[in-house]
Amino acid sequence: MSNTPMAANPLTRAVLEIDEYASGLGWDQPARLFALVDTARLRVQEPGLAAQLGLADEEQAAAALTPIEQEEIPAGKPLDEFLGTIAWPDAVVGCALTVERLMLPPSAEAQVPEGLNEAKLAKWVAAHPERQEVRMTVAVLRDGARDSAVRLREKDTPTEVLTGADLVPGLAQALSATFEE
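Attention here is on the structure that accompanies the text. (Residues numbered from 1 in each chain as written. Predicted model: local features only at pLDDT ≥ 70, side-chain atom pairs only at ≥ 80, totals over all residues. Heavy atoms only, no water.)

Next up on the list: the overall build of the protein. On a plain count of helices and strands, the protein comes out with seven helices and six strands. Along the chain direction, N to C, the helices and strands of the protein fall in the order α-β-α-α-α-β-α-β-α-β-β-β-α. By the burial criterion, 38% of the 181 residues in the protein qualify as buried. Accessible surface, the protein as shown: approximately 10700 Å² in total, 51% of it carbon and sulfur. (Helix = DSSP H or I, 4+ residues; strand = E, 2+ residues; numbered from the N terminus. Buried < 20%, exposed > 50% of the residue type's maximum accessible area, 1.4 Å probe, protein only. Areas by Shrake-Rupley, 256 points an atom, 1.4 Å probe, with all protein chains shown as cover.)

With that settled, the discussion passes to unusual backbone geometry. The phi dihedral of D28 is positive, around 65 degrees, even though this residue is not glycine. Its location among the elements puts D28 in the loop between helix 1 (10-25) and strand 1 (32-38).

As for its placement among the helices and strands, D143 is situated in the loop between strand 4 (132-141) and strand 5 (146-152). Taking relative accessible area as the criterion, D143 reaches 64% and is therefore assigned exposed. With 36 residues separating them in the primary sequence, D143 and F179 have C-alpha atoms 9.5 Å apart. At a separation of 2.9 Å, a polar atom in the side chain of D143 contacts the main-chain amide nitrogen of A145. (Polar contact = N/O pair within 3.5 Å; in protein donor to acceptor, adjacent residues only side chain to side chain.)

All right, on to the pairing of strand 1 then. Counting buried residues along strand 1, six of its seven residues qualify, which places the element largely inside the surrounding structure. Sheet topology places strand 1 next to strand 3 (residues 92-103); six bridges connect them, and they run antiparallel. Looking at strand 3, one finds that R32 is bridged to T98. Where strand 1 meets strand 2 (residues 65-69), five bridges bridge the pair, whose relative direction is antiparallel. Bridged to L36 within strand 2 is P67. (Pairing = 2+ DSSP bridges.)

Here we come to the nonpolar core. Counting 25 residues, the largest nonpolar core has L33, I73, L83, W88, L97, L171 and L175 as the members making the most contacts within it. At the level of secondary structure, the elements contributing two or more residues to this core comprise strand 1, helix 5 (79-83), strand 3, strand 4 and helix 7 (169-177). Within the second largest apolar cluster, 13 residues are counted, among which are L11, A14, L36 and L141. (Core = buried A, V, L, I, M, F, W, Y, C linked by side-chain atoms within 4.5 Å.)

Now for the pairing of strand 4. The element strand 4 is extensively covered by neighbouring structure, given that eight of its 10 residues are classed as buried. Note: strand 3 against strand 4, 10 bridges, orientation antiparallel. Residue pairing for strand 4: C95 is matched across the bridge by V140. The sheet contact formed by strand 4 and strand 5 spans seven bridges and is antiparallel. When the sheet's bridge partners are listed, A139 is paired in strand 5 with D147.

Among the 10 residues of helix 6 (residues 118-127), one are classified as buried, and the element is accordingly described as predominantly exposed. Its side-chain oxygen at 3.2 Å from the backbone nitrogen of A119, N117 defines the N-terminal cap of helix 6.

The next subject is the sheet that holds strand 6 (residues 162-164). Ordered by their spatial adjacency, six strands build an open sheet running 2-1-3-4-5-6, and the pairing between neighbours is antiparallel. Since the sheet does not close on itself, it has two edges, and those belong to strand 2 and strand 6, each with one partner. Across the sheet, the axes of successive neighbouring strands diverge by a mean angle of 20 degrees, strand direction being ignored. Two strands pair when backbone bridges link them, and strand 5 and strand 6 are joined in this way by three bridges, in the antiparallel orientation. When the bridges of strand 6 are listed, A149 appears paired with T163. On top of the sheet, helix 1 reaches strand 1, strand 2, strand 3, strand 4, strand 5 and strand 6; it is set at about 30 degrees to strand 5, its chief contact. (Axes fitted to C-alpha atoms, helices over the stretch in contact; angles between N-to-C directions. Contact = heavy atoms within 4.5 Å.)

Read these as spatial facts, not as claims about activity.
So this is what it looks like as structure tokens:
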């Protein structure tokens, strides 16, 4: 991905690469799941696939992670249930998910009517004047490292992407659980 900024951390680079890829697909997309593999190991074990992915630069591959998009997430199945069915092979060192959601600012929390079920809450949030459409990309490694990127639809440029390890802690925890035995 040519426009992905260079980051010091390979996990942050992978998150930004996935964010850029998702951005290129446009908004209103389904959630997408990615396996993260060690690029140097991929070049040795799967040279044909590495060549197909354009991973010929040894220097770049030495400290890099390669995201590999997985099959489409089944429509109609709640994301948490789907994530509970995943088991990764040993070659996968991490995983990432990109998903779009509506979010409200913290100031709106006091306005939430009591007693709403999940469907009514979603409808209330969708109608709220302060709602923001966001795309969240969250990645975790087997060793517990995590990173994420959040992009607002109204500020849809690479320079406006927020990054940080704890931006979407619940989703990071759910992804980490896919590596538990």
